[in-house]
Amino acid sequence: MADAALFEFLHTEMVAELWAHHSDPGPGGQKMSLSVLEGMGFRVGQALGERLPQETLAFREELDVLKFLCKDLWVAVFQKQMDSLRTNHQGTYVLQDNSFPLLIRMAAGLQYLEEAPKFLAFTCGLLRGALSTLGIKSLVTASVASLPTCKFQVVIQKT
Amino acid sequence: MAVCVAVIAKENYPLYIRSIPTENELKFHYMVHTSLDVVDEKISAMGKALVDQRELYLGLLYPTEDYKVYPSHQLCRYGYVTNSKVKFVMVVDSSNTALRDNEIRSMFRKLHNSYTDVMCNPFYNPGDRIHSRAFDSMVTSMMIQVC
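Rules of the game
- Residues numbered from 1 in each chain as written.
- Chains lettered and ligands numbered in written order.
- Predicted model: local features only at pLDDT ≥ 70, side-chain atom pairs only at ≥ 80, totals over all residues.
- Heavy atoms only, no water.
- UniProt positions renumbered as here; feature names shortened; annotations may be inferred.
- Pairing = 2+ DSSP bridges.
- Helix = DSSP H or I, 4+ residues; strand = E, 2+ residues; numbered from the N terminus.
- Axes fitted to C-alpha atoms, helices over the stretch in contact; angles between N-to-C directions.
- Contact = heavy atoms within 4.5 Å.
- Core = buried A, V, L, I, M, F, W, Y, C linked by side-chain atoms within 4.5 Å.
- Buried < 20%, exposed > 50% of the residue type's maximum accessible area, 1.4 Å probe, protein only.

Chain B carries the name Trafficking protein particle complex subunit 2-like protein in an unreviewed UniProt entry, which gives Canis lupus familiaris as its organism.

Chain A goes by Trafficking protein particle complex subunit 6A in an unreviewed UniProt entry, where it is assigned to Canis lupus dingo. For chain A, the Function (unreviewed entry) comment in UniProt is given as "May play a role in vesicular transport during the biogenesis of melanosomes."

Participant: An account of the sheet that holds strand 3 (residues 138-146) of chain A is needed here, citing residue identities and associated values.
Facilitator: All names here are of chain A. Taken together, four strands build an open sheet; the order of strands is 1-2-4-3 and the sheet is antiparallel. Each edge of the open sheet carries a strand with a single partner, namely strand 1 (84-87) and strand 3. Each strand axis lies, on average, 20° off the axis of its neighbour in the sheet, ignoring direction. Bridge count for strand 2 (residues 92-97) against strand 4 (residues 149-156) is six bridges, and the pairing is antiparallel. Each bridged residue has a counterpart across the sheet, and for Tyr93 the counterpart in strand 4 is Val154. Against the sheet, helix 3 (residues 62-78) makes contact with strand 1, strand 2 and strand 4, and its axis sits at roughly 15° relative to strand 2, the strand it touches most. Against the sheet, helix 5 (residues 116-133) contacts strand 3 and strand 4, and its axis sits at roughly 150° relative to strand 3.

Participant: Could you give an account of the nonpolar core, naming the residues involved and the relevant values?
Facilitator: Most often, soluble globular proteins keep nonpolar side chains buried together rather than apart. Counting residues in hydrophobic clusters, the biggest one holds 40 residues, and the most contacted among them are Leu69, Leu95, Phe100, Leu103 and Phe152 of chain A. Secondary-structure elements contributing two or more residues to this core are helix 1 (2-20), helix 2 (27-51), helix 3, strand 2, helix 4 (101-104), helix 5, strand 3 and strand 4 of chain A. The element contributing the most residues to this core is helix 5 of chain A, with ten residues. In this view, Leu95 of chain A contacts Leu66, Cys70, Met82, Ser84, Leu85, Cys150, Lys151, Phe152 and Val154 of chain A; residues no more than four positions away in its chain are not counted. Core analysis: the next-biggest nonpolar cluster, separate from the first, contains 27 residues, Val7, Tyr115, Ile130 and Phe135 of chain B among them.

Quick look at the structure:
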């Protein structure tokens, strides 16, 4: 129980720290902070992508990798599974979490909607990092319609 | 027991390669390089066949071959692939003790665990050569047992 709280507090402080040192409060500075957060998440995701599937057998296809993300990765980091996974079978997946642990403390509803993207950048990087270790290049974006439900959209880049 | 251990990245360049009789290092590099083809073949063969589960351990890659300099040694090559397509190749001298499959598997498991620890090190950039001393000492412990 305590482990989950530790990560949540650390994450909140990370976001607060990156926003506090804003010399340029306009959209340029914000993008820098978001990409720093995303970069951190990426490196953590790479390490998790190596450690978590260690005992499982090799993945046969992309959908297996996404299912692994929704189940094992989410449980390891947030102690719950992803609520829904949808795909258009052409390389785009939408992962929906109805009560995202990093947003659940803030409010339920539309109150802090503008602040929400900051708290999702790290997680987007986490997903992208794990996918890249497992051999899939992707682009991950997040969107929030109303807290604490959020959707992560994963677009696989075909090279 | 192990004579040479190599960790090969997804893009087929070596992240770590070390062999025990250091005078014939080039020969081991060449052996590992040729084993990569066999590894790739095994991976793609498993992908096409409709197997429900794919194993990470690939087993004996190449039939044993006599070592030209010391004719008493017989070298076997074993392979292992992780989920992130990082390959471990091990060249084993099987003349002294016949190594059972289980022992090779446990050696690969130790290698995999140490490699995962290296990946989780925040000072390590994925794709660089591995310089970790902990990894080195683990590999040394696997190699030292015969000599």
